[in-house]
Amino acid sequence: MQNEWKPNTKALAAMMCSCASLLCCMQWMISLLLAVIGVVLGILGLRDENPNQEDAAIAGIVVGVVGMIVAIVVAVLYIILSKNTSEQGLEAVSMLVRSLPCA
């Protein structure tokens with residue numbers, strides 16, 4: 001009896017979409033969309049009957065969540081900077097950076 005190895009396409013697609021969301025992080029709308037698709041496909045890949053490449057599904061979920069966070073941060077910064085003039089925008093960003101706990 002020969003075991004056929006089938007790739008878990010949902011898990012692989014989740015990983016690709018999630019990685020693409022990080023690469024497109026400056027286009028926050030595209031990045032957010034790709035990250036959501038990556039997380040959804042990752043969850044579907046974990047629930048799939050094919051147990052192959054569960055690690056790719058988990059990685060797709062994790063990278064997708066990171067991509068969502070980066071997209072949201074970029075969107076917030078874009079909104080802050082587009083509301084203010086250039087001098088006020090720089091002051092707002094410096095105040096935001098100073099207010100972070102790790103700064």
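Please refer to the structure placed before this passage.
One structure accompanies this document, and this report is about it. (Residues numbered from 1 in each chain as written. Predicted model: local features only at pLDDT ≥ 70, side-chain atom pairs only at ≥ 80, totals over all residues. Heavy atoms only, no water.)

## Considerations on the packing of helix 2 (residues 28-47) against helix 3 (residues 54-83)
Short version of the rule: Helix axes use the C-alpha atoms of the stretch in contact, all axes being lines fitted to C-alpha atoms, and the angles between their N-to-C directions lie in the range 0 to 180 degrees. The helix count covers DSSP runs of H or I at least four residues long, the strand count covers runs of E at least two residues long, and both are numbered beginning at the N terminus. Each angle receives one of four descriptions, namely roughly parallel if under 35 degrees, roughly antiparallel if over 145, roughly perpendicular if within 65 to 115, and oblique otherwise. Should the near helix be turned anticlockwise from the far one by less than a right angle, the crossing is termed left-handed; should it be turned clockwise, right-handed. Under the grouping applied here, Gly and all other residues not named as nonpolar or charged are polar, the nonpolar ones being Ala, Val, Leu, Ile, Met, Phe, Trp, Tyr, Cys and Pro and the charged ones Asp, Glu, Lys and Arg.
Where helix 2 meets helix 3, the axes come as close as 8 Å, and the angle between the chain directions of the two elements is 155 degrees. The orientation of helix 2 relative to helix 3 falls into the category roughly antiparallel. Seen from above, helix 2 lies across helix 3 with left-handed handedness. Among the residues forming the contact of helix 2 with helix 3, the class breakdown is 17 nonpolar, seven polar and one charged.

## Overview of helix 3
The condition that has to hold: Take the residue count of a helix, subtract one, and multiply by 1.5 Å to get its expected span. To sort residues, take the accessible area from a 1.4 Å probe on protein chains only and compare it with the maximum for the residue type: under 20% means buried, over 50% means exposed, and anything in between is partly exposed. Throughout, a contact is declared for two residues whenever any of their heavy atoms are within 4.5 Å.
Here helix 3 contains 30 residues, and its C-alpha end-to-end distance of 44 Å stays within 8% of the 44 Å for a straight helix at 1.5 Å per residue. Among all positions of helix 3, only Ala-56, Ala-57, Gly-60, Ile-61, Val-63, Gly-64, Gly-67, Ala-71, Val-74 and Ala-75 are buried. Where helix 3 is buried, its residues contact helix 1 (9-23) and helix 2.

## Observations concerning the environment of Cys-19
Positionally, Cys-19 belongs in helix 1. Take Cys-19: its relative accessible area is 32%, and that puts it in the partly exposed class. Separated by 12 residues in the primary sequence, Cys-19 and Ser-31 have C-alpha atoms spaced 9.6 Å apart.

## Details of the side chain of Asn-8
Tracing the backbone through its elements, the reader meets Asn-8 in the segment before helix 1. Setting aside chain neighbours within four positions, we find Asn-8 in contact with Gly-45, Asp-48, Asn-50, Asn-52 and Gln-53.

## So, helix 2
For the record, the criterion: The directions considered for the arc are those from the helix axis to the C-beta atoms.
Between its first and last C-alpha atoms helix 2 spans 29 Å; for 20 residues at 1.5 Å apiece the expected length is 28 Å, and the two agree. What helix 2 keeps buried is the set Ser-31, Leu-34, Ala-35, Gly-38, Val-39, Gly-42 and Gly-45. Down the axis of helix 2, the sector holding all buried residues measures 140 degrees, keeping them to one side. Of the exposed residues in helix 2, those oriented more than 90 degrees away from the buried face are Met-29, Leu-33 and Arg-47. Buried residues belonging to helix 2 abut helix 1 and helix 3.

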